[in-house]
Amino acid sequence: QQQVRQSSQSLTVWEGETAILNCSYENSAFDYFPWYQQFPGEGPALLIAIRSVSDKKEDGRFTIFFNKREKNLSLHIKDSQPGDSATYFCAASVASSGQKLVFGQGTILKVYL
Amino acid sequence: AQTIHQWPVAEIKAVGSPLSLGCTIKGKSSPNLYWYWQATGGTLQQLFYSITVGQVESVVQLNLSASRPKDDQFILSTEKLLLSHSGFYLCAWAPGGANQDTQYFGPGTRLLVL
């Protein structure tokens, strides 16, 4: 059973567009949702995270929109750049459990000039 | 600032041979530590976690074992490698205590089993 699901395996946008990556989850107990960015051959890097008490979190060009009722969230990357081309993972955990972080399958984002 | 180091960077090993991968965290005392496995093009699967020295919990059984001999060190090992062990092994750490949610990953070790 896929507890965290990312709707697109890959996404292509042009430079300057807004990339939207979608994620949904099954477990209502999840209340912490980080997004990670991974370049080939490297470990994932934390990009931005949200807790379920919020419906929006913004950090520069990156924004998370969270819908607790629908159990989904999305990562918006504004003004996409070629350097944003990477794999993005949505993850979820029960806050302060500290132990188990469940990852989605990842979305490969390609930003073309 | 905290730094996380994994060794070796990459390994090519024969089926049936032993394996030991290491991870060291500097600049943070009593972190929570984690091992993950990632198949090529795949998602991250948590294997083990440790809250304190000498204590390791298994999340997924993959014929691997883990140990935490020191506060800043986490070791992943097996006595007999399988082809299915090939992949990318990632160590991660999280602050202990109340803010233990955010996990930070190391650079990883690429393993190829032939």
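Analysis parameters
- Residues numbered from 1 in each chain as written.
- Chains lettered and ligands numbered in written order.
- Predicted model: local features only at pLDDT ≥ 70, side-chain atom pairs only at ≥ 80, totals over all residues.
- Heavy atoms only, no water.
- Helix = DSSP H or I, 4+ residues; strand = E, 2+ residues; numbered from the N terminus.
- Buried < 20%, exposed > 50% of the residue type's maximum accessible area, 1.4 Å probe, protein only.
- Contact = heavy atoms within 4.5 Å.
- Areas by Shrake-Rupley, 256 points an atom, 1.4 Å probe, with all protein chains shown as cover.
- Pairing = 2+ DSSP bridges.
- Axes fitted to C-alpha atoms, helices over the stretch in contact; angles between N-to-C directions.

**A closer look at the overall build of chain B**
Then, in step 1: Regarding its fold elements, chain B presents 0 helices and 11 strands.
Then, in step 2: With the C-alpha coordinates of chain B rotated into their principal frame, the extents come out at 40 × 25 × 20 Å.
Then, in step 3: The proportion of buried residues among the 114 residues of chain B is 48%.
Then, in step 4: Residue pairs in contact within chain B that sit at least 24 positions apart in sequence constitute 56% of those at least 6 positions apart.
Then, in step 5: Total accessible area computed for chain B in this model is approximately 5,300 Å², and 55% of it derives from carbon and sulfur atoms.

**Section: the sheet that holds strand β7 (residues 65–70) of chain B**
All names here are of chain B.
Then, in step 1: Read across the open sheet, the 4 strands follow the order β1-β3-β8-β7; overall the sheet is antiparallel. Edge positions in the sheet fall to β1 (3–7) and β7, since each has one partner strand and no second. Shown here is a sheet whose adjacent strand axes are inclined to one another by a mean of 20°, direction ignored.
Then, in step 2: The sheet contact formed by strand β3 (residues 19–26) and strand β8 (residues 73–78) spans 6 bridges and is antiparallel. Directly across from Cys-23, in β8, lies its bridge partner Phe-74.

Geometric values such as these leave the question of function open.
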